[in-house]
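Examination of the molecular architecture
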Amino acid sequence: MSELSYVTGDCHSAWSTYLTQVERVLPLLGDLSRWADTLTHPKRALIVDIPLEMDDGSVRHFEGYRVQHNLSRGPGKGGVRFHPDVTLQEVMALSAWMTVKCAALNLPFGGAKGGVRVDPTTLSHKELERLTRRYTSEIGNMIGPQQDIPAPDVGTNAQVMAWMMDTWSMNVGATTTGVVTGKPVHLGGSLGRVKATGRGVFVTGCSAATKLGIGVPGSRVAVQGFGNVGSVSAELFHAIGAKVVAVQDHKATLYLSSGVDIPALQTWQQAHGSIAGFPGADTIADEHFWTQPYDILVPAALEGQITAERANQLKCSLIIEGANGPTLPEADDILQQRGMAVVPDVIANAGGVTVSYFEWVQDFSSFFWSEEEINQRLDSIMQHAIEAVWQKAEALNVTLRTAAYAVACERILLARKDRGLYP
Ligand code: GLU
């Protein structure tokens, strides 16, 4: 390993979680492990200053990033996060997980990610637009439909993508819809993109549940995070008769043993900005979320949520990672010892980037597919991915995460090896 400080990482950072995940797959890579250091060295990272004129006339500065972790298999791909806790190390980890995710799904992309350390909920609509446009301009040389294609992540949405597409297009003098994905449908976006990540969580979750002998209808499901990923997966589990007994967001934890009415909770959340105060369930202490008995747990919030302590307390059979990096490596070990299966983030939440891939292809051909076609292709890709990883895990006698890394890292390092080094 290099002596550069970024390749070690703070011990509890997302980047250090990623490094441990890579370490665990190295013994399985055979001759390709000669190239493995490529996985721990992000190819390119840019830090930008974003000066923003606030509505009251004052000027504030925000720090932004774009990291291209690996481009061996194709252009960079990955979202942009607007969140007050964003750091360079976090964006590095998120970009690396995109490399692994795209390879695990066999999408023709490398991995990238961007972020701005800002709380977007404190900005007005106009301030958010100015911030987005300046950030896009600052990273403009790094992105492009053949170079690196941003998309939504925590704190960003289709409107932010529309501003990014417009800013980049204005700068190059030609409308270029393929520079970002996750756009509004009327601006070159794809049908099915908004629900794709939650749908992928549901599809991979159902496949894994079937393999474990868990009948999804009637099962007890818990969801942490009620944003785009958590709420859609809760909706789909609820729709086939699972009982979503616990839901947690940044403000509250709700519990109802007979199952929460998810459509009603979605309506409440849209009106109030949070699930807090929803009258159709009991409010429990946040930490109790981790101690109730469930069949299926979907962490769909942020990184580092399943710690060793929580892993020891959990009573569930299956964890489906809707978020990126929700489980710390020491917690992974405990879950494995305790016989709980974890469908890793790089498979479980890959529905979003898969439909981003469809969007990118549709933008290039200017020919748009039906929602039915998109969902069919998405379901089939996700089912094949979980099946391949399940078989690999059984063949190698490793966790699903290490198996997913084995499938992905073989593809990444084979591309690295066959392309060779320049010069
Ligand atoms: N932000 C999403 C993820 O973490 C989607 C990325 C994309 O569509 O490029 O996978």
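Residues numbered from 1 in each chain as written. Predicted model: local features only at pLDDT ≥ 70, side-chain atom pairs only at ≥ 80, totals over all residues. Heavy atoms only, no water.

Side note on the packing of helix α3 (residues 125-138) against helix α4 (residues 158-172)
This is how the line gets drawn: Lines fitted to the C-alpha atoms define the axes, with helices restricted to the stretch that makes contact. Angles between their N-to-C directions range from 0 to 180 degrees. Per the convention used, a helix needs a DSSP run of H or I reaching at least four residues, while a strand needs a run of E reaching at least two, with both numbered from the N terminus. In this scheme, roughly parallel covers angles under 35 degrees and roughly antiparallel covers those over 145, while 65 to 115 is roughly perpendicular and the rest are oblique. By convention, the crossing between two helices is left-handed when the near helix turns anticlockwise from the far helix through less than a right angle, and right-handed when the turn is clockwise. The contact criterion used is simple: two residues touch if any of their non-hydrogen atoms lie within 4.5 Å.
Remark: α3 packs on α4, axes separated minimally by 9 Å, with the N-to-C direction vectors making an angle of 45°. With respect to α4, the axis of α3 lies oblique. The handedness of the crossing between α3 and α4 comes out as right-handed. On α4, the residues touching H125, L128, E129, T132, R133, Y135, T136 and S137 of α3 are Q159, V160, W163, M164, D166, T167, W168 and N171.

Some remarks on the sheet that holds strand β7 (residues 220-224)
So the rule is basically this: What makes two strands pair is DSSP finding at least two bridges between them.
In space, the seven strands of this open sheet follow the order β10-β9-β8-β7-β11-β12-β13, with mixed pairing throughout. A single partner strand is all that each edge strand has here, and the edge strands are β10 (282-283) and β13 (341-343). By the bridge criterion, three bridges tie strand β12 (residues 318-320) to β13 in an arrangement that is parallel. Bridge assignment links L318 to a residue of β13, and that residue is A341. Seen against the sheet, helix α5 (residues 193-212) touches β11 (296-299), β12 and β13 and runs at an angle of roughly 160° to β12.

Side note on the pairing of strand β4 (residues 80-83)
Keep this limit in mind: Remark: exposure states derive from per-residue accessible area (1.4 Å probe, protein chains only) relative to the maximum for the residue type, with buried under 20%, exposed over 50%, and partly exposed in between. Crossovers are marked right-handed if the path from the first strand over the helix to the second runs clockwise, as seen with the strands pointing away from the viewer.
Because side chains alternate across β4, one face comprises the buried residues V80 and F82, and the other comprises R81 and H83, equally buried. Two elements, β4 and strand β5 (residues 111-117), share four bridges in a ladder whose sense is parallel. Bridge pairing in β5 places H83 opposite R117. Note on the crossover from β4 through helix α2 (residues 88-104) to β5: the handedness is right-handed.

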